Amino acid sequence: MNREVLINVAYILASILFIFGLKMLGRQATARRGNLLSGVGMLIAIVATLVDRSVINYTWILIGLGAGTAIGLACAYLVRMTAMPEMVALLNGFGGLASLIVGAAEFFRIRIGEVVPLQPGFTATAIALAVVIGGITFTGSVYAFCKLAEWLSGRPVLFRGQHLLNGGMLAGSVIAGVIFVMTGDPAVTLVAFAAVCGLALVLGWTMVMPIGGGDMPVVISMLNSLSGLAACAAGFVIRNNVLIVAGCLVGTSGVILSVIMCRAMNRSLLNVLFSGFGAQTGAAAAAGGAVEGELKPISAGDTFAVLEAARQVVFIPGYGMAVSQAQHVVRELAELLEQNGAEVRFAIHPVAGRMPGHMNVLLAEASVPYEQLVEMDAINPLMPSMDVAIVIGANDVVNPAAARDPASPIYGMPIIKAHEARTVICLKRGRGTGFSGLENQLFLLPNTRMLYGDAKASLQGVIAEFKSLAAG
Ligand code: NAP
């Protein structure tokens, strides 16, 4: 077998491992092995690429490898769990930038006559696509990062004629791309290439502008999909089969994830991308969406008294649990409740937190048994039989307005029906609203008590009461 055939066999093997790895990521029990399998696939793909005849200089590859490893390791140690969405946004952006650079490098290589493409029209089309999609992904991801990191306001930036302008720029980049592919004039080709690049980079930024910080997880997942498509186009540019396959897998899985998130919020993808959602919720709250009533605080000691008598307890974690990193103390309290004779469950909302599977990851990290994790649709019918629902830094995902108030901007979003439990104890620091910026009627209901403070500290207070009882 010659070298080319061996490389392609290795690429097919790598692609099979990617596909099975992705499939295994779909279940918690197999996710770790799936990740490992995909990693092995990537290793095979990298080694096969490095022995490719067209790689003639390893110096820059080694420099890139060293720099990438150092940055990756530093990020793995330094980036907080709550900053993962920002991190993913940046990684997507770099993926898009890499595809843009591959497209540009190939363009200039062809231009200075270093290579003559076999099918010039096809290669030029692939270059244009890699540059357009890569450019949009890069600046869109950087903007998403800035919004999530609060370097820029999370509010949607809206202005008159915005969608028209974006549509015009998209049309402009398509026209420039067509000219780039069709023309034979070197000067026109260069101008068209520059126009494609420039318009794509501006468009990435302006397309994310009207989307509120609240919808950034969906945007990031869409940008992830785009980074896959850009990589796929780059794969066609350099005729690398595994890049084409891996790009398609990333592209499709990003779309699937975006659709899952949209369904969990009962919104369409178009609504997320074009409605300026955060601005509407702000307006709704300002126009009287705020709720009236009395918040009833409870102490750690009284919380303990309620929990000590409970036989059915459900924890409902949300973004606040991630902020306070309370997952380990939650597990400790759950164990104490079980020792006290209670049955404990964790209700998982699909968009609780700031990224898909956020709560699952945190609870798995704290070794909460999988079987205690109950999906929203399965826990809701059991809610009326729950003695206590403990809401840990969740807000929007337990807001009854989503089910009851047709005027609410989140009306129709499926929620965990915490309000149906006999007693609800909500852990939060103060009167902060959730991601949507809306007030929550749940906190004012007669059966709700507020345990104020950082979630981790509050839970430690309740655990201390349990322990002092055991010691006494
Ligand atoms: P949320 O609505 O954002 O509410 C989080 C709550 O946590 C706040 O009310 C805050 O109140 C409290 N909190 C913050 N830090 C805390 C701490 N250290 N200790 C205790 N409490 C703390 O969270 P959620 O209920 O999980 O809802 C997620 C939201 O994100 C939804 O609107 C969802 O649509 C959106 N979203 C999520 C995804 C995803 O993939 N997960 C995707 C798109 C959109 P205080 O400030 O008063 O403490």
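Each remark here, short or long, concerns the structure printed above.
Computed from a predicted structure; not experimentally measured.

Draft legend 1. The nonpolar core, seen in detail. The biggest cluster of nonpolar side chains holds 64 residues, and the ones touching the most others in it are F315, I316 and F346. With six residues, helix 14 (residues 327–339) is the single largest residue contributor to this core. When residues no more than four places from it in sequence are discounted, the contact partners of I316 are A347, M383, A389, I390, V391, I392, A394, V398, I416 and A418. Among the nonpolar cores identified, the runner-up in size contains 22 residues, and L100, A128, F193 and C197 belong to it.

Draft legend 2. Structural view of the site of the ligand. Taken together, 32 residues lie near the ligand, and G353, R354, N395, D396 and R429 sit nearest. Note that an oxygen atom of the ligand is positioned 2.7 Å from one of the backbone N or O atoms of N395. At 2.9 Å, a side-chain N or O of D454 approaches a nitrogen atom of the ligand. Protein burial of the ligand: of its 920 Å² of free accessible surface, 96% is covered by the chains.

Draft legend 3. Expanded view of the pattern of salt bridges. This structure, assessed with the given rule, holds five salt bridges. In this structure, E343 engages R345 in a salt bridge whose closest nitrogen and oxygen atoms are separated by 3.0 Å. Assessed through its relative accessible area of 39%, E343 is described here as partly exposed. Judged by relative accessible area, R345 falls into the buried class, the value being 16%. Close ionic contact of D387 with R422 constitutes a salt bridge, the shortest N to O distance being 2.5 Å. You can see D387 sitting in the loop between helix 16 (376–379) and strand 4 (388–392) and its partner R422 sitting in the loop between helix 17 (401–404) and strand 5 (423–428), a full 35 residues away along the chain.

Draft legend 4. Fine view of the environment of A98. Residue placement: A98 occurs in helix 4 (residues 84–111). On the basis of relative accessibility, which here comes to 40%, the residue A98 falls in the partly exposed class. It is 45 Å that separates the C-alpha atoms of A98 and K417, two residues lying 319 residues apart in sequence.

Scoring rules and cut-offs
- Residues numbered from 1 in each chain as written.
- Predicted model: local features only at pLDDT ≥ 70, side-chain atom pairs only at ≥ 80, totals over all residues.
- Heavy atoms only, no water.
- Core = buried A, V, L, I, M, F, W, Y, C linked by side-chain atoms within 4.5 Å.
- Buried < 20%, exposed > 50% of the residue type's maximum accessible area, 1.4 Å probe, protein only.
- Helix = DSSP H or I, 4+ residues; strand = E, 2+ residues; numbered from the N terminus.
- Contact = heavy atoms within 4.5 Å.
- Near = heavy atom within 4 Å.
- Polar contact = N/O pair within 3.5 Å; in protein donor to acceptor, adjacent residues only side chain to side chain.
- Areas by Shrake-Rupley, 256 points an atom, 1.4 Å probe, with all protein chains shown as cover.
- Salt bridge = Lys/Arg side-chain N within 4 Å of Asp/Glu carboxyl O.

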